[in-house]
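# Coordinate analysis (summary)
The primary structure of each chain is shown beneath.
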Amino acid sequence: MGFYQWFIGGSMDIQRIAIMSPGEMGSGIGRVLLKGGLQPVVCLEGRSALSALRARESGFAEASSLEELIETVDMVISIMVPAEAEHAAQLVAKAMLRTDAHPSYLECNALSPLSMERIADMFVPTRAAFIDGFVFGPPPDKSDKTWICYSGVNTESMKALSEAGLNVRSVGARVGQASALKMLDSASRKAVTALWTEILTAAHSMGLYDALGELYAISGDDGFLEKSKHLPHIAPRVRRFVGEMEEIAGMLEQIGLTPRMLDGAADIFRQVGETSLGDLTPRDPEPTLVHFLETVSDYARDKKFLPKWNIKPERKK
């Protein structure tokens, strides 16, 4: 269909909002909505114990099934691991058809325009308003600089989110525009982090971490220190980044650019995610930089991603 658009009806009396799913970002959005007078609702069927704990701590109401959830809410916000988004949307669209309920659907995952259009197609038979969106910034209960950007035609329900305390911003009238903007923003931030993950891991593996830092210090560039400080932060989210990089690679290839840099970013995040670092949650203590680099370096060496260098830093006399 390309970047398509349509106008379909939907109630603007927004009171109850389904959150799929109550991860760190979803719970943060729910807390803001609850404080603003709206009721976040969740179905915990099949969810992890941590997700259930987050939802209950955040004051979410609970539905016993997906059908009950869809029948009793006015809007659905989908925000989860990108690789799960399409399947989740399919389940929701089928539940709408079974129940003849059609709350508006805000697809807020890091997806390419092509994936977003494919998901939007699922909702055409449901008569639900479909909104293309993404979150720019940290969980909104932790920052007043977080924005939900969106695009589409029938987006009146976004006004309710704004009135409840979320910062919302339209970036266009076509499905695919918000998702494309999200891809560009993620590439400029997370793909660079993937490159630094590989650079710093390689430097650590070859005994050159301190020497590399000294070169940056001589040049007056503080990028080395900034990236080194930031790197351990990605551990609890690194598995989510894999699908996001793959979505960006697909978008770039679709418009005639090379996907290889983003495929490489997905690879390095995948490698980190396959270590014990990927098992960490935001509630776990943050790993030290040394532990982070040692863990990734050991994994890479075992998998023969990196050579078994035998370079040791010279001892200072």
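Conventions and cut-offs
Within each chain, residue numbers correspond to sequence positions counted from 1 in written order. For this predicted model, a pLDDT threshold of at least 70 governs which residues receive local features, and a threshold of 80 or more governs which side-chain atom pairs are given and counted, while totals over whole chains, interfaces and linings are taken from all residues. To obtain the side-chain values, all non-hydrogen atoms of the structure were used and water was disregarded. Helix and strand assignments come from DSSP, with helices taken as H or I runs of at least 4 residues and strands as E runs of at least 2, each series counted from the N terminus. Note that the radius of gyration is over C-alpha atoms, with the globule rule given as 2.2 Å times the number of residues to the power 0.38. Burial classes follow relative accessibility: with a 1.4 Å probe on protein chains only, a residue under 20% of its type's maximum area counts as buried, one over 50% as exposed, and anything between as partly exposed. By definition, residues are in contact when any of their heavy atoms lie within 4.5 Å. Residue burial considers only the protein chains on display, and all accessible areas are found by Shrake-Rupley using a 1.4 Å probe. When charges are counted, Lys and Arg contribute as positive and Asp and Glu as negative, whereas His and the chain ends are disregarded. Positions of charges follow a simple convention, taking NZ of Lys, CZ of Arg, CG of Asp or CD of Glu. Here, the term nonpolar core denotes a set of buried Ala, Val, Leu, Ile, Met, Phe, Trp, Tyr and Cys residues that are joined through side-chain atoms within 4.5 Å. For two strands to be treated as a pair, DSSP must find no fewer than two bridges joining them. By definition, the crossover connecting two strands over a helix is right-handed if that path, from the first strand to the second, turns clockwise as seen with the strands pointing away from the viewer. In this description, a line fitted to the C-alpha atoms serves as the axis of each element, helices being fitted only across the stretch in contact, and the angle between N-to-C directions of two axes falls anywhere from 0 to 180 degrees. Oblique is the label for any angle not under 35 degrees, not over 145, and not in the 65 to 115 range, which are roughly parallel, roughly antiparallel and roughly perpendicular in turn. Each helix crossing is assigned a hand: it is left-handed if the near helix lies turned anticlockwise from the far helix by less than a right angle, otherwise right-handed if that turn is clockwise. Charged residues are taken to be Asp, Glu, Lys and Arg, nonpolar residues to be Ala, Val, Leu, Ile, Met, Phe, Trp, Tyr, Cys and Pro, and polar residues to be all remaining types, Gly included. Helix span, as expected, comes to 1.5 Å for every residue beyond the first.

As a further point, take the overall build of the chain. When helices and strands are tallied, the chain shows 12 helices and eight strands. The C-alpha atoms of the chain give 21 Å as radius of gyration, which agrees with the globular expectation for 317 residues (20 Å, within 12%). Taking the principal axes of its C-alpha atoms as reference, the chain extends roughly 75 × 45 × 35 Å. The burial tally for the chain puts 50% of its 317 residues in the buried class. Sequence separation of 24 or more characterises 69% of the internal contacts of the chain that already satisfy a separation of 6 or more. Looking at the chain as shown, the accessible area adds up to about 15700 Å², and 54% of this sits on carbon and sulfur atoms. In the chain, 34 positive and 41 negative side-chain charges are present, and the distance between their average locations comes to 4 Å.

On to the side chain of threonine 295. Mapped onto the elements of the fold, threonine 295 is located in helix H12 (residues 289-302). According to the relative accessible area criterion, threonine 295 is buried, its value standing at 15%. Leaving out residues up to four positions away in the same chain, threonine 295 has contacts with Thr275, Ser276 and Leu277.

A few words now on the environment of alanine 187. Checked against the element boundaries, alanine 187 lands in helix H7 (residues 177-205). Given the relative accessible area of 22%, alanine 187 is considered partly exposed. Separated by 56 residues in sequence, alanine 187 and isoleucine 131 place their C-alpha atoms 22 Å apart.

Core analysis: the biggest nonpolar cluster contains 32 residues, and Met245, Phe269 and Phe292 have the highest contact counts within it. Among the elements of the structure, H7, helix H10 (238-254), helix H11 (260-273) and H12 are those that each provide at least two residues to this core. Top contributing element to this core by residue count: H10, with eight residues. Beyond its immediate chain neighbours, meaning those up to four positions away, phenylalanine 292 contacts Thr197, Leu231, Pro232, Ile234, Ala235, Val272 and Leu277. Counting residues in hydrophobic clusters, the runner-up holds 28 residues, among them Met20, Ile70, Met80 and Ala88.

What follows concerns the pairing of strand S4 (residues 75-78). Residues Met75 and Ile77 of S4 are buried on one face, and the alternating residues Val76 and Ser78, pointing to the opposite face, are buried as well. Two strands pair when backbone bridges link them, and strand S1 (residues 16-20) and S4 are joined in this way by four bridges, in the parallel orientation. If you follow methionine 20 over to S4, its bridge partner there is serine 78. In this sheet, strand S5 (residues 104-107) lies alongside S4 in parallel orientation, the contact comprising four bridges. Of the residues in S5, the one forming a bridge with serine 78 is glutamate 107. Traced from S4 through helix H4 (residues 82-99) to S5, the parallel crossover comes out right-handed.

The subject of this paragraph is the packing of H7 against H10. Direction vectors running N to C along H7 and H10 enclose 120°, while the axes themselves pass 10 Å from each other. The orientation of H7 with respect to H10, classified from their angle, is oblique. Where H7 crosses over H10, the handedness of that crossing is left-handed. Where H7 approaches H10, its residues Ala180, Lys182, Met183, Leu184, Ser186, Ala187, Lys190 and Ala191 are matched on the opposing element by Phe241, Glu244, Met245, Glu247, Ile248 and Met251. Grouping the amino acids of the contact of H7 with H10 by side-chain chemistry returns nine nonpolar, one polar and four charged.

Glancing now at the sheet that holds S1. A sheet is described by the order of its strands in space; here eight strands give the open sequence S3-S2-S1-S4-S5-S6-S7-S8, paired in mixed fashion. Two strands bound the open sheet, and with one partner strand each, they are strand S3 (61-63) and strand S8 (167-172). Taking the axes of each pair of neighbouring strands and ignoring which way they run, one obtains an average angle of 30° across the sheet. With three bridges joining them, strand S2 (residues 39-43) and S3 adopt parallel strand pairing. Note on S3: the bridge partner recorded for valine 41 is alanine 61. Packed on one face of the sheet, H4 meets S1 and S5 and runs near 180° to S5. This element, H7, spans strand S6 (130-136), strand S7 (147-151) and S8 of the sheet and lies at about 20° to S6.

Turning our attention to H11. Spanning 14 residues, H11 covers 20 Å between terminal C-alpha atoms, matching the ideal 20 Å at 1.5 Å per step. Listing the buried residues of H11 in full gives Leu262, Ala265, Ala266, Ile268, Phe269, Gln271, Val272 and Gly273. Where H11 is buried, its residues contact H7, H10 and H12.

Glancing now at the pairing of S2. In terms of burial, S2 is largely enclosed, as four of its five residues are buried. Strand direction decides the pairing type here: S1 and S2, joined by three bridges, are parallel. When the bridges of S2 are listed, isoleucine 17 appears paired with proline 40. The β-α-β motif built from S2, the intervening helix H2 (residues 49-57) and the parallel element S3 has right-handed crossover chirality.

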